[in-house]
Amino acid sequence: MDYEAVIGLEVHLELKTRSKIFCGCSTAFGMEPNSSCCPVCLGLPGSLPVLNRSALEMAVKAALALNCRVEGRSRFDRKNYFYPDLPKAYQISQYELPVARGGYLEIDLPGGIKRVNIERVHMEEEAGKLLHAGGSIMESDYSLVDYNRAGIPLLEIVTAPNISSGKEARLFLEELRLLLFYCDVSDCRMEEGSLRCDANISLNLPGAAMGNKVEVKNMNSFRAVEYALDYEAQRQAEILSRAGEIVQETRHWDEENRVTVSLRGKEEASDYRYFPEPDLPPLLIEESWVQELKEALPELPAHKRLRFEEQYRLDPKDVAVLTSSPELACFYEEAARHVEDYTGLANWVKGDVLRIHNDSGKAIGEMTPLALAETISLLERGEISRPVAREVLEEALVRGKNPAQVVQDRGLGRIADPGTLGPLIEKVLQENPKAVESYLQGREKALGFLVGKVMAATRGRSDPAAVNTILRDKLQNLPGKVE
Ligand SMILES: [Zn+2]
């Protein structure tokens, strides 16, 4: 039967503030365990939290980018549960009154654009980290706890249940990550835990009431989200088609075996005994400040993609690559101010610039776009060949040099001088008697072969037109040639 999957996502992402959400401790990654803690994030008696303005600013920026309504009045609540990674035995979160509600994010599907609605965006604090000695929690004799992460600001984004497949969920997450990159509020590295995603999924027949929900956790990559949800949809469909019942529960994605497994019955909100956080006043946000932040938002990915397609007349696939980071898009646009062939430029950026970035580890933001424009200009003026241009570009981008200077310093300019090419060509003729004979018998293709040999001997630096002329001339005047 054709069941419809109804999926909602809960995304937690780390905001990239320098200090924690309610105290001044550093959020730097990889510090000595328990070295970035204070009475506030350890929940010691008598300590009081103070909201980090920068965390709030990032939360509001993200909410605005997601087209949400930022609430003038919101509130922090205590979410109570007992677990050793939570030093206070409650997490400061937002429950009834989140900082923002009611937005959306559009994703590109083959059939057109789909709007995924955002129900709410709220702020909360991260818990600490447990290290189970000896690996897994089942096998270890004891566990260690590191509270460096306790109190790192998190943003929780909850979508409406209007996602219909694993693929859509993945596209949503990819677009969300790009959006947050652009807003500079989170690194969104799922593998490092700065972005986590849980999902709710239920199945129903078209037009029928919603089925029982299952929560899926432990998906550690965007791909895992797609696989886990597709697996879960299939599992539920099989149960329903046998007239079975879906148990409302939390299931865990087992990456190795590619299945979801039952973890526990799902907690209800009432299990957490939420109540207003008495140590923090209500959060009042002025409309004028929200407006300021809204005006300061950068151009967002969807808008930039459309503009690139129109302004530079580029293929959407190229545009997707060029706008995959704000730095790369900026690099392209800066270079485009100095070139005429926008598609050619796109090919250079997608190909060589990204390759050089990957090979050298040099950040795109630290490369000079003008160096690419100048290299292209040297190539177009015929001063260097394409293979040389690639070499020059690498040197210019990685070492921050001027391309014309690289050509001069390394003697990479084009060789068209008969005095230099003549002896080289003679050597090639001597080394390739078969090709010479073949040419003399009228096979024009052999000439191309010989030109290639000369080009290779100069590592692509000789001028093909000059090589052609000299080569033909020498072949015409070979001593042993029979007329
Ligand atoms: Zn602290």
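Up top you'll find the structure we're talking about.
Residues numbered from 1 in each chain as written. Predicted model: local features only at pLDDT ≥ 70, side-chain atom pairs only at ≥ 80, totals over all residues. Heavy atoms only, no water.

### Quick word on the overall build of the protein chain
Part 1 of the reasoning: When helices and strands are tallied, the protein chain shows 15 helices and 16 strands.
Part 2 of the reasoning: Against the globule reference of 23 Å for 483 residues, the protein chain gives a C-alpha radius of gyration of 31 Å, more extended than a compact globule.
Part 3 of the reasoning: C-alpha extents for the protein chain along the principal axes are approximately 100 × 55 × 50 Å.
Part 4 of the reasoning: Buried positions account for 47% of the 483 residues belonging to the protein chain.
Part 5 of the reasoning: Total accessible area on the protein chain is roughly 24600 Å²; 50% of this is exposed by carbon and sulfur atoms.
Part 6 of the reasoning: Taking the average location of the 59 positive side-chain charges in the protein chain and that of its 75 negative ones, the two points are 3 Å from each other. (Helix = DSSP H or I, 4+ residues; strand = E, 2+ residues; numbered from the N terminus. Rg over C-alpha atoms; globule rule 2.2 N^0.38 Å. Buried < 20%, exposed > 50% of the residue type's maximum accessible area, 1.4 Å probe, protein only. Areas by Shrake-Rupley, 256 points an atom, 1.4 Å probe, with all protein chains shown as cover. Lys, Arg positive; Asp, Glu negative; His and termini not counted. Charge placed at Lys NZ, Arg CZ, Asp CG, Glu CD.)

### As for unusual backbone geometry
Part 1 of the reasoning: Positive phi, normally seen in glycine, also occurs at Asp184, with a value near 60°.
Part 2 of the reasoning: Considering the arrangement of structural elements, one finds Asp184 in the loop between helix H2 (166–183) and strand S11 (195–204).
Part 3 of the reasoning: On the accessibility criterion, Asp184 (44% relative accessible area) is partly exposed.
Part 4 of the reasoning: Even without a glycine there, the phi angle at Arg258 is positive, about 55°.
Part 5 of the reasoning: You can see Arg258 is positioned in the loop between strand S13 (249–254) and strand S14 (259–265).
Part 6 of the reasoning: Taking the relative accessible area as the measure of exposure, Arg258 reaches 43% and is therefore partly exposed.

### Topic: the environment of Asp359
Part 1 of the reasoning: Note that Asp359 resides in helix H8 (residues 342–360).
Part 2 of the reasoning: Relative accessible area serves as the criterion here: at 56%, Asp359 is assigned to the exposed category.
Part 3 of the reasoning: Between the C-alpha atom of Asp359 and that of Glu394, which follows or precedes it by 35 residues, the distance is 10.0 Å.

### Concerning the coordination of the zinc ion
Each pair of donors in an ideal four-coordinate tetrahedral metal site encloses 109.5 degrees, whereas pairs in an ideal six-coordinate octahedral site enclose 90 or 180 degrees.
Part 1 of the reasoning: The protein atoms that coordinate the zinc ion are Cys23 (SG), Cys25 (SG), Cys38 (SG) and Cys41 (SG), at distances spanning 2.3 to 2.4 Å.
Part 2 of the reasoning: What the four donor atoms of the zinc ion show is an angle range of 101 to 115° at the metal, which sorts the shape as tetrahedral.
Part 3 of the reasoning: On the primary sequence, the residues serving as donors to the zinc ion are separated as C-x1-C-x12-C-x2-C. Of the two residues, Cys23 sits in the loop between strand S1 (4–14) and helix H1 (53–65) while Cys38 sits in the loop between S1 and H1, which places them 15 residues apart along the sequence.
Part 4 of the reasoning: For Cys23, a relative accessible area of 14% corresponds to the buried category. (Donors = N, O, S within 2.8 Å, 3.2 Å for Na, K, Ca; no water. Tetrahedral: all angles 85-135°; square planar, octahedral: opposite > 155°, others 65-115°.)

### Focus on the sheet that holds strand S15 (residues 275–276)
Part 1 of the reasoning: The three strands lie next to each other as S5-S4-S15, forming an open sheet whose pairing is antiparallel. Edge strands, defined here as strands with exactly one partner in the open sheet, are strand S5 (90–93) and S15.
Part 2 of the reasoning: When strand S4 (residues 77–80) meets S5, the two strands line up antiparallel, connected through four bridges. Opposite Arg78, over in S5, you have Ile92 as the bridge partner. (Pairing = 2+ DSSP bridges.)

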